[in-house]
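Next come the chains, spelled out residue by residue.
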Amino acid sequence: MTQSELTIQKTDKNIVGHEVTDEALMITYAEGDASAFEQLYQRHKRVIFHFFIKQGLSTAIAEELCHDTWLKLINARKNYQVSAQFRTYLFTIARNTLIDHKNKKSNQKEETHADLTETPIALNNTDLSNQQRQLAQALTANIAALPIEQREVFLLKQESGFSIEQIAKITAQHKEKVKSSWRYALQRLRKGLSDYVI
Amino acid sequence: MHYKDCARGYLTMSSKLTKPTSHLQEDEAFINTLYQQFPPDEDQQPSEFLDKRIIKAAYQAVATESAKTNKKKITWFHSLATAASLILVISLVFQQQNHILPSAETSTNVVSTSQKDKQMSTKMMADEAVAAFSAPEPMMEKQGVIVQQSALAKSLTSTVIALKNQPRKIENKDYRQATEIQRLNQQKLAVSKRSPSVKGPVAQKFTLAQYQLYTVKNAQLSVENKIMWSLINEQADSYYITIYLPDNNTTNYLLAKTQFKLNALPVKNHDKRILNKQVFSEIILTNRQ
């Protein structure tokens, strides 16, 4: 697809409900309009940050990885092609950043279990009741206990709202394998949290 | 709501509604029910500092890129301008050369015409030079020298003419050779001028008409002003003499022995200061043919 075709798409097809789509904004930014990036960033900064936080990373590390992810997007703006949704593209970058971070950590042998449980889900929310906090702690602990592939798939689907097909694209895995990871993750979590039901 | 109530509610709901077709759907419904217990976590977001850093990086990247693009554009423009200027200069030079050097035919005509003019002028100059060199000289010692200088002048002139008649595009090598020849000739001429001892028996032939003219003139002159002559050299078939005129002019002649006879031959005298002059009447015409 040529740049002019993309521009045409940007002017009609990619304007949904008076709002320019992510893909059109990214193309606009690649063409040199930095304000388009600002819009993109405002739209997706939370989901990306949550993605890292839900991995069980500390806020500082999550912010660092957020920074790296967005910088990678900035540097790769010229190579961006509308072959999938922008969110898929952005989360692919985020996931690769996370993997790089984990590889670095494992090389340095500094990764500790504390990293995974440092900031459990919603524990910072002061509006939660004690019971909710307990459940949240249990959920966070169970998610952290998942194998990495299952945890990744679970968080992408449950927290970020991606479909199985989109997760398969992001993780560069086969769709059936993603499905399998999703099923096993749910089974484990249900089993781990069943104590709280009875 | 207690989480246990929540879970119980899920179980009651799931049993009352349609039964899940698979375990997967049951598990999904279980997790969804759990997540519904937590309000959306809107407060958890990256810091403003991080926002500013990322936005700044995005603006900087675009600014750097536009600067690079401008630089590239300027570089391209400069290269093009330089190339265009070079082409313009070269074409102007070629055009100028074409103006100076006309086409082949025109140049040939012009060259041939100018060469003819030059040949004419050069020939005239050469003739003048020859005439100047071959003109009668008052001093006897210079006779042979003058003759040789005349020959040299002729050869020099012919060299100059040959050089000037050369095609316009003379190769440098030929031109150097010609220049060298000319230089050598000039040197020879200079040497010959410096050495008057060189002599030669060449002179103009003494004709019957000249003899009669001198005889008539001699008869008209008084005794003290009579025409005199002296022998310079004697060959097997001719005499080489100098005739002294009353107006102190001298002329060299070559007298054929078959036509003229010298009555009183001069006495050999090694003293150059004494001229062995004889009166003109001593030259006797023996043969009128």
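Placed above this text is the structure.
What this report covers is the structure whose coordinates are included nearby. Since the model is a prediction, treat every value here as computed from it, not as a measurement.

A few words now on the overall build of chain A. When its secondary structure is counted, chain A shows 10 helices and two strands. Ordering the α and β elements of chain A from the N terminus gives α-β-β-α-α-α-α-α-α-α-α-α. For chain A, contacts bridging at least 24 residues in sequence account for 61% of all contacts bridging at least 6. Within the structure as shown, chain A displays about 9600 Å² of accessible surface, and the carbon and sulfur contribution to it stands at 48%.

On to the overall build of chain B, then. Helix and strand content of chain B: seven helices and seven strands. Mapped from its N terminus to its C terminus, chain B presents α and β elements in the order α-α-α-α-α-α-β-α-β-β-β-β-β-β. The buried share of chain B, reckoned over its 289 residues, is 27%. Within chain B, contacts between residues at least 6 apart in sequence are counted, and of these 58% link residues at least 24 apart. Carbon and sulfur atoms provide 59% of the accessible area of chain B, an area that totals close to 20100 Å².

It is worth spelling out unusual backbone geometry at this point. All names here are of chain A. For Ala172, which is not glycine, the phi torsion reads 55 degrees and is therefore positive. Topologically, Ala172 is positioned in the loop between helix H9 (164-171) and helix H10 (175-193). Residue classification places Ala172 among the exposed residues on the basis of a relative accessible area of 68%.

This part covers the packing of helix H2 (residues 22-30) of chain A against helix H3 (residues 34-53) of chain A. When two helices pack together, their arrangement is given by the angle between their axes and by how far apart the axes lie. Residues and elements named next belong to chain A. At a minimum axis distance of 7 Å, the contact between H2 and H3 shows a crossing angle of 145 degrees. As H2 runs across H3, the sense of the crossing is left-handed. In this structure, H2 contributes Asp22, Leu25, Met26, Thr28 and Tyr29 to the contact, and H3 contributes Ala34, Ala36, Phe37, Gln39, Leu40, Arg43 and His44. In the contact of H2 with H3, the residues fall into seven nonpolar, three polar and two charged.

This brings us to the packing of H9(A) against H10(A). Residue and element names in this part refer to chain A. H10 packs onto H9 with a crossing angle of 110 degrees between their chain directions and a minimal axis gap of 9 Å. Relative to H10, the element H9 lies roughly perpendicular. In this structure, H9 contributes Ile164, Glu165, Ile167, Ala168 and Thr171 to the contact, and H10 contributes Lys175, Val178, Lys179 and Trp182. For the contact of H9 with H10, the per-class residue count stands at five nonpolar, one polar and three charged.

Moving on to the sheet that holds strand E2 (residues 228-234) of chain B. Strand pairs in the sheet, formed through backbone hydrogen bonds, run parallel or antiparallel to each other. All names here are of chain B. Judged by pairing direction, the sheet is mixed, and its five strands sit side by side in the order E1-E4-E3-E2-E6 without closing on themselves. The strands lining the two open edges of the sheet, one partner per strand, are strand E1 (204-205) and strand E6 (278-279). The strands that helix H7 (residues 208-220) touches are E1, strand E3 (238-244) and strand E4 (250-256); relative to E4, the one it contacts most, it runs at about 125 degrees.

The next subject is the pairing of E4(B). Residues and elements named next belong to chain B. Among the seven residues of E4, six are classified as buried, and the element is accordingly described as predominantly covered. Direction of pairing for E1 relative to E4: parallel, over a ladder of two bridges. Pairing of Lys205 across the sheet is with Leu254, part of E4. Across seven bridges, E3 lies against E4 in antiparallel orientation. Counted as the bridge partner of Thr242 is Asn252 from E4.

Nonpolar side chains collect at one region of the surface, where B:Trp76, B:Phe77 and B:Leu80 lie side by side and expose about 390 Å² of accessible area between them. Among the secondary structure elements, B:Phe77 is positioned in helix H3 (residues 48-100).

Enumeration according to the criterion identifies 10 salt bridges over all chains in this entry. The salt bridge involving B:Glu234 is made with B:Lys257; its shortest N-O contact spans 2.9 Å. Of this pair, B:Glu234 sits in strand E2 while B:Lys257 is found in the loop between E4 and strand E5 (260-262), placing the two residues 23 residues apart along the sequence. We classify B:Glu234 as partly exposed; its relative accessible area is 39%. Within this structure, A:Arg190, B:Glu26 and B:Asp27 form a network of salt bridges that share partners.

Evaluation of the coordinates by the stated rule reveals 19 aromatic pairs over all chains. On the numbers, 6.2 Å between centres and 75 degrees between planes, the contact of A:Tyr80 with A:Phe86 is edge-to-face. Each of the two residues, A:Tyr80 as well as A:Phe86, counts as buried. Seen from their ring centres, B:Tyr214 and B:Tyr253 are 6.0 Å apart, and the 75 degrees between their planes marks the pair as edge-to-face. In this pair, B:Tyr214 sits in helix H7 while B:Tyr253 sits in strand E4, placing the two residues 39 residues apart along the sequence.

Conventions and cut-offs
- Each chain has its residues counted from 1, running along the sequence as written.
- Both sets of labels track the order of writing: A upward for chains, 1 upward for ligands.
- A pLDDT threshold of at least 70 governs which residues receive local features in this predicted model, and a stricter bar of 80 or more applies before side-chain atom pairs are shown or counted, although totals over entire chains, interfaces and linings include all residues.
- Note that water and hydrogens are dropped before the side-chain values are worked out from all heavy atoms of the structure.
- The helix and strand labels rest on DSSP assignments: H or I over at least four residues marks a helix, E over at least two residues marks a strand, and numbering proceeds from the N terminus.
- Contact between two residues is taken to exist if any of their heavy atoms lie within 4.5 Å; hydrogens are not considered.
- Where accessible areas are quoted, they stem from the Shrake-Rupley method and a 1.4 Å probe; at the residue level, only the protein chains shown are allowed to cover.
- The buried label applies to any residue whose accessible area, calculated with a 1.4 Å probe on protein chains only, is under 20% of its type's maximum; exposed applies above 50%, and partly exposed to all values in between.
- As a rule, the C-alpha atoms of each element are fitted with a line to give its axis, helices using only the stretch in contact, and angles between N-to-C directions run from 0 to 180 degrees.
- Each crossing gets its handedness from the near helix: less than a right angle anticlockwise from the far helix is left-handed, clockwise is right-handed.
- Here the term charged refers only to Asp, Glu, Lys and Arg, the term nonpolar to Ala, Val, Leu, Ile, Met, Phe, Trp, Tyr, Cys and Pro, and the term polar to all other amino acids, Gly among them.
- Oblique is the label for any angle not under 35 degrees, not over 145, and not in the 65 to 115 range, which are roughly parallel, roughly antiparallel and roughly perpendicular in turn.
- Paired strands, as defined in this entry, are two strands with at least two bridges between them according to DSSP.
- Exposure above 30% relative accessible area and the absence of a salt bridge qualify a residue for a patch, where like charges join within 9 Å and nonpolar side chains (Val, Leu, Ile, Met, Phe, Trp, Tyr) within 5 Å.
- The working definition used for a salt bridge is a side-chain nitrogen of Lys or Arg within 4 Å of a carboxyl oxygen of Asp or Glu.
- Two rings from Phe, Tyr or Trp (for Trp, the six-membered ring) form a pair when their centres are within 6.5 Å of each other. A pair whose planes differ by under 30 degrees is stacked, one over 60 is edge-to-face, and the rest are tilted.

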